[in-house]
Amino acid sequence: MQTDPPAPAPSSSPVVSSSSAVRTPWQRLSNVSPLWVAALLTAAAFFGMEHFPAASTTDDYAPSQESMEGANTTADPGRRVALLAMLALTVYGLCWGRAASFGPGGLAGWTPVVWMAWLSLSMFWSSDPRTTVRRLIVLALFHGAALAVCRLLKARQVVTFAALCVALQLAVGILAELLYGTFRPWAGDYRFAGTIHPNMQALQLSAACVASASLATYGATWGRRTRWAALAAILTAFLLLTKSRTATGGAALAVAGVLLLSVPPRWKRNLLIPVVLVSSLAAMALLFGGFDPSDELHDAAMMGRNEQATSLSGRVPIWEALDPYVRERWWTGWGYNAFWSKQHIDALTDAVDFKFSGAHSSWYEAALDGGIVGATLFAMTLAFGLLRSGREFLAQRRALPAFVFGILICGCVNSVLEHLVCDTRLFPFLMYCGLWKLTFLRDAPGVDDVPTAEPVNPAPVNPAPVNPASADPGGARL
């Protein structure tokens, strides 16, 4: 009787398909975490644009006067590398971004678009067209990179991205101060700078505080909420070390606003009256007891910096010197970033007896760039953004609208005494990332930005018997 030949022994080496054996660089790049790629490129880009490692070693936390004078007319190599990093982020987001679909935008989305269009038109009446065109190219890369981030990341990841970018730059700043021997938080006159001016560092930290607080409030699990709360506490500690009054006040109002919106209306009514009553009784008890806390409150509000407190740290003389220039071109302004020429800086220096190259107010800066039209569009951008984010926050209770609402509050507070909100810096970049994600580049259908808890295996369910003939009409068995 003839027997079948024995089956060949299985090979010990696994069979690898040709498609998975060889991976192109493009395939490898597509598997890299978009969150980390975006965060690293963004942190590197803005580090090259506005940071320098020896900031904590100088008296005014700034480069030399010669470098400041040439900042508006020349581009250093670090800035060029930063722009290349921003361009790489834009290309990466356009090529590999799949986490967003185009939305209608609404007033909160189209108002900043009209504002950017108005600034682009200012090249035709700019007092320095060459500078305006060059800065408009940077502005286009700035918003292109923000749109790329929104295309790469889901809604909750945008908030994580904001906290991660600032945390990376904070780590570099702490390392720089440790290397230079300037990290002395126990000293009375110490202000944490890292690699940038303390006021700019504080504004970045305020954005990260709002982001981490939003993630801690709306985390899916207790462990995640605890980690984000711990990061928020660390960021708050370094924010206080900067001794920046405006950024600290803005962060406090932003976090309080986010938490207040998250409280149910019934709790607000039940808690507001007791809190006001207890605070009033405590203040009256202190006053009747002969203790006047006004001096202590004033020192706490000044954060130990009582110099020039009556003139808002020297800003009022700056605004008085800028008033004639604002009135001279009140309708159209001087053109985007065209006002701060050497001639204007020298004239303003003679008027206030110290050198500066910024309006120290976003409203003055917007008026100098685009006149009353530009300042109005800037105000509308903040107002409509607050209304849109607050409405979506009350409807959805998610991290992204909470973050956008909080960072816009920080922007409103900071815009009064600083011009950084109108500049191409990290804080407004994170603000526009949240705003674009909330309006134009919303999550694709079916994408949920709320992370779920650890999956739990459900109880087994006995499936109903299936007739093989009905399931496989041809009767084939696989």
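Residues numbered from 1 in each chain as written. Predicted model: local features only at pLDDT ≥ 70, side-chain atom pairs only at ≥ 80, totals over all residues. Heavy atoms only, no water.

**Q** Mind laying out the overall build of the chain, listing which residues take part and the relevant values?
**A** Helix and strand content of the chain: 19 helices and two strands. Taken over 478 residues, the chain has a buried fraction of 45%. Considering only contacts within the chain whose residues lie at least 6 apart along the sequence, 79% involve residues at least 24 apart. Carbon together with sulfur atoms contributes 67% to the accessible area of the chain, which is approximately 24900 Å² in total. (Helix = DSSP H or I, 4+ residues; strand = E, 2+ residues; numbered from the N terminus. Buried < 20%, exposed > 50% of the residue type's maximum accessible area, 1.4 Å probe, protein only. Contact = heavy atoms within 4.5 Å. Areas by Shrake-Rupley, 256 points an atom, 1.4 Å probe, with all protein chains shown as cover.)

**Q** Residue-level account of a nonpolar patch on the surface, with values.
**A** On the surface, a cluster of nonpolar side chains totalling about 480 Å² of accessible area is made up of L121, M123, F124, V133 and I137. If you trace the backbone, V133 turns up in helix α7 (residues 129-152). (Patch = residues over 30% accessible without salt bridge, like charges linked within 9 Å, V, L, I, M, F, W, Y side chains within 5 Å. Salt bridge = Lys/Arg side-chain N within 4 Å of Asp/Glu carboxyl O.)

**Q** Run through the nonpolar core, naming residues and quoting values.
**A** F161, W340, F403, F429 and L430 are the most contacted members of the largest nonpolar core, which totals 112 residues. Setting aside chain neighbours within four positions, we find F429 in contact with T42, F46, L89, F142, A145, A146, V149 and F161. (Core = buried A, V, L, I, M, F, W, Y, C linked by side-chain atoms within 4.5 Å.)

**Q** Describe the pattern of salt bridges, with residues and values.
**A** Enumeration according to the criterion identifies seven salt bridges in this entry. The salt bridge involving D346 is made with K342; its shortest N-O contact spans 3.0 Å. Pair noted here: D346 and K342 are both in helix α15 (residues 342-352), with a separation of four residues, about one helical turn. Taking relative accessible area as the criterion, K342 reaches 51% and is therefore assigned exposed. R425 is the partner of D423 in a salt bridge, and the nearest nitrogen-oxygen pair spans 3.2 Å. This pair shows no difference in class: D423 is buried, exactly as R425 is. Bridged by salt links that share partners, the residues E50, D423 and R425 form one connected network.

**Q** Which residues make up the side chain of R388, and what values do they have?
**A** In this structure, R388 sits in helix α16 (residues 362-396). A polar contact of 2.8 Å, which involves the side chain of R388, links it to the side chain of E392. Discounting chain neighbours no more than four positions away, the residues touching R388 are G105, G106, A108, L438, T439 and R442. (Polar contact = N/O pair within 3.5 Å; in protein donor to acceptor, adjacent residues only side chain to side chain.)

**Q** Please provide a residue-by-residue account of the confidence of the model for the chain, values included.
**A** Taken residue by residue, the chain gives an average pLDDT of 80. The fraction at 70 or more is 73%. Low confidence marks residues 451-463, where pLDDT is under 50. Its contacts with residues over four positions away, or in another chain, come to seven contacts. (pLDDT = per-residue confidence, 0-100.)

**Q** I'd love a proper account of the packing of aromatic side chains, names of residues and values included.
**A** In total, this model carries 23 aromatic pairs according to the counting rule given. Relative to F440, the ring of F102 lies with its centre 5.6 Å away and its plane at 15°, an arrangement referred to as stacked. With F102 in strand β1 (residues 101-102) and F440 in the loop between α18 (426-439) and β2 (441-442), this residue pair connects regions lying 338 residues apart in the sequence. Its relative accessible area of 64% is what places F102 among the exposed residues. Taking the relative accessible area as the measure of exposure, F440 reaches 6% and is therefore buried. Each member of the aromatic cluster is reached from another via a ring pair, and the members are F46, F102, W110, F142, F161, F429, Y432, W436 and F440. Geometry around W334 places R329 over its ring, the cationic atom sitting 4.6 Å from the centre. Cation over ring: R397 sits above F393, and NZ or CZ is 5.8 Å from the ring centre. (Phe/Tyr/Trp six-rings, centres within 6.5 Å; stacked < 30°, edge-to-face > 60°. Lys NZ or Arg CZ within 6 Å of the ring centre and 35° of its normal.)

**Q** Describe the packing of helix α3 (residues 34-50) against helix α5 (residues 77-96), with residues and values.
**A** Their axes nearest at 7 Å, the elements α3 and α5 cross at an angle of 155°. The orientation of α3 with respect to α5, classified from their angle, is roughly antiparallel. Where α3 crosses over α5, the two elements pack in a sense that is left-handed. Contacts between α3 and α5 pair P34, V37, A38, L41, T42, A45, F46, G48 and M49 from the former with G78, R79, A82, A85, M86, A88, L89 and Y92 from the latter. In terms of residue class, the contact of α3 with α5 is built from 13 nonpolar, three polar and one charged. (Axes fitted to C-alpha atoms, helices over the stretch in contact; angles between N-to-C directions. Parallel < 35°, antiparallel > 145°, perpendicular 65-115°, else oblique. Left-handed = near helix turned anticlockwise from the far one by under 90°. Nonpolar A, V, L, I, M, F, W, Y, C, P; charged D, E, K, R; others polar.)

**Q** Could you give me a rundown of unusual backbone geometry, with the residues and numbers involved?
**A** You will see that K243, though not glycine, has its phi angle at about 55°, which is positive. Take K243: it is sitting in the loop between α10 (222-242) and α11 (245-262).

**Q** Tell me about helix α8 (residues 155-180), and please be specific about residues and values.
**A** Relative to the 38 Å expected for 26 residues at 1.5 Å per residue, α8 spans 39 Å between its end C-alpha atoms, a close match to the ideal helical length. Immediately downstream of α8, the backbone of G181 shows phi near 75°, a positive value. (Expected span 1.5 Å × (residues − 1).)

**Q** Kindly report on the side chain of S56, identifying the contributing residues and their values.
**A** Examined against the element boundaries, S56 turns out to sit in the loop between α3 and α4 (65-69). With relative accessibility at 13%, the residue S56 sits in the buried group. In terms of polar contacts, S56 uses its side chain to reach the side chain of T182, at 2.7 Å. Non-local contacts of S56, meaning those with residues more than four positions away in its chain, are made with Y61, E177, T182, A193 and G194.

**Q** Residue-level account of the packing of helix α17 (residues 399-417) against α18, with values.
**A** Viewed as axis vectors pointing N to C, α17 and α18 meet at an angle of 140°, and their least axial separation amounts to 9 Å. As judged from the angle between their axes, α17 and α18 are oblique. For the element pair α17 and α18, the recorded crossing hand is left-handed. Between α17, through L400, P401, F403, V404, I407, L408, C410 and G411, and α18, the contact on the second element is made entirely by F427, L430, M431, G434, L435, K437 and L438. When its residues are assigned to classes, the contact of α17 with α18 shows twelve nonpolar, two polar and one charged.

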